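Coordinates in review
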Amino acid sequence: MKQMKEKLLGRKETASGSKAVKDILERHSRNPARVIGMLQDIQARFSYLPEGELQFVSEELGVPLTRIYAIATFYKAFNLLPRGRHQIRLCGGTACHVRGAELVKGAITRELGVEEGGTTEDARFSFEVVRCIGCCGQAPAMMVNEDIHVKLKSVTVRKALEKYK
Ligand code: FES
């Protein structure tokens with residue numbers, strides 16, 4: 001995450017300041033104490049935190065950009081990179097692990113050409129490994145958006161994913 005932050009901070013993008021973000025700042029009364037809420041709203045709008053918008057927030061509020069990135073990288077809920085249209089959350093919990101989640105993970109990577117934590121080039125999927133999703137009796141399991149897929153095998157991954165366009 002530190003490398004990602006440095007990479008993003010190293011880019012020379014200009015502040016965007018879209019209308020949506022200007023509205024978000026107003027909704028939060030431009031109060032620097034409410035930066036987390038602003039970031040939540042920005043992410044809800046864009047599905048991630050665009051660099052230019054963060055720069056704009058920094059300039060408008062007088063909060064150092066490094067402080068905003070410190071918040072954005074501290075909370076796992078924030079995404080600094082664009083997300084795919086569909087979110088794959090493969091369970092990496094104990095029950096799933098012992099029942100072959102690693103094989104499923106490899107199959108997802110092969111099928112989509114994306115590693116854990118990444119997004120496919122066509123922005124169709126983002127892929128992450130998460131903790132137990134509560135289907136241990138039917139492990140290994142994964143969620144795609146809000147759908148739950150259970151008793152996965154590496155050979156069934158393609159079929160499970162094909163309906164998500
Ligand atoms: S360990 Fe995978 S669903 Fe619980």
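Preceding this section is the structure that the text describes.
To keep things clear, this report deals only with the structure shown in the data block. (Residues numbered from 1 in each chain as written. Predicted model: local features only at pLDDT ≥ 70, side-chain atom pairs only at ≥ 80, totals over all residues. Heavy atoms only, no water.)

Structural notes on the sheet that holds strand S4 (residues 147-149)
- Here four strands make up an open sheet; going across it, the order is S2-S1-S3-S4 and the pairing mixed. Two strands in the sheet have a free side with no partner beyond their single neighbour: strand S2 (125-130) and S4. Recorded for the sheet is a direction-independent mean angle of 20° between the axes of neighbouring strands.
- Sheet topology places strand S1 (residues 86-91) next to S2; six bridges connect them, and they run parallel. Bridge pairing in S2 places Cys 91 opposite Val 130.
- Along the sheet, helix H7 (residues 101-112) contacts S1, S2 and strand S3 (142-144); its crossing angle with S1, the most-contacted strand, is approximately 155°. (Pairing = 2+ DSSP bridges. Helix = DSSP H or I, 4+ residues; strand = E, 2+ residues; numbered from the N terminus. Axes fitted to C-alpha atoms, helices over the stretch in contact; angles between N-to-C directions. Contact = heavy atoms within 4.5 Å.)

Comments concerning the pairing of S1
- Across the six residues that make up S1, a large majority, five, are buried.
- Here S1 pairs with S3 via three bridges, running antiparallel. Along S3, the bridge assignment pairs Ile 88 with Val 144. (Buried < 20%, exposed > 50% of the residue type's maximum accessible area, 1.4 Å probe, protein only.)

A short note on a nonpolar patch on the surface
- On the surface, a nonpolar cluster with roughly 310 Å² of combined accessible area is contributed by Ile 36, Phe 74 and Tyr 75.
- Position of Phe 74 relative to the elements: it lies in helix H5 (residues 65-74).
- A relative accessible area of 63% means that Phe 74 is categorised as exposed. (Patch = residues over 30% accessible without salt bridge, like charges linked within 9 Å, V, L, I, M, F, W, Y side chains within 5 Å. Areas by Shrake-Rupley, 256 points an atom, 1.4 Å probe, with all protein chains shown as cover. Salt bridge = Lys/Arg side-chain N within 4 Å of Asp/Glu carboxyl O.)

Quick notes on the packing of helix H3 (residues 35-46) against H5
- One way to put it is that H3 packs onto H5 with a least axis distance of 11 Å and a crossing angle of 65°. Taken as axis vectors, H3 and H5 run roughly perpendicular relative to one another. Considering the relative orientation of H3 and H5, their crossing is right-handed. Of H5, the residues touching H3 (which contributes Val 35, Ile 36 and Leu 39) are Ile 68, Ile 71 and Ala 72.
- Considered class by class, the residues forming the contact of H3 with H5 number six nonpolar, no polar and no charged. (Parallel < 35°, antiparallel > 145°, perpendicular 65-115°, else oblique. Left-handed = near helix turned anticlockwise from the far one by under 90°. Nonpolar A, V, L, I, M, F, W, Y, C, P; charged D, E, K, R; others polar.)

Structural notes on the nonpolar core
- Within the largest apolar cluster, 20 residues are counted, with the highest numbers of intra-cluster contacts made by Leu 25, Leu 39, Ile 42, Leu 49, Leu 54, Val 57 and Leu 61.
- Among the elements of the structure, helix H2 (19-27), H3, helix H4 (51-61) and H5 are those that each provide at least two residues to this core.
- Ranked by residues supplied to this core, first place goes to H5 with five residues.
- When neighbours within four sequence positions are excluded, Leu 54 is seen to be in contact with Leu 39, Leu 49, Leu 65, Ile 68, Tyr 69 and Leu 80.
- Val 114, Leu 152, Val 157 and Tyr 164 belong to the second largest nonpolar core, which has 16 residues in total. (Core = buried A, V, L, I, M, F, W, Y, C linked by side-chain atoms within 4.5 Å.)

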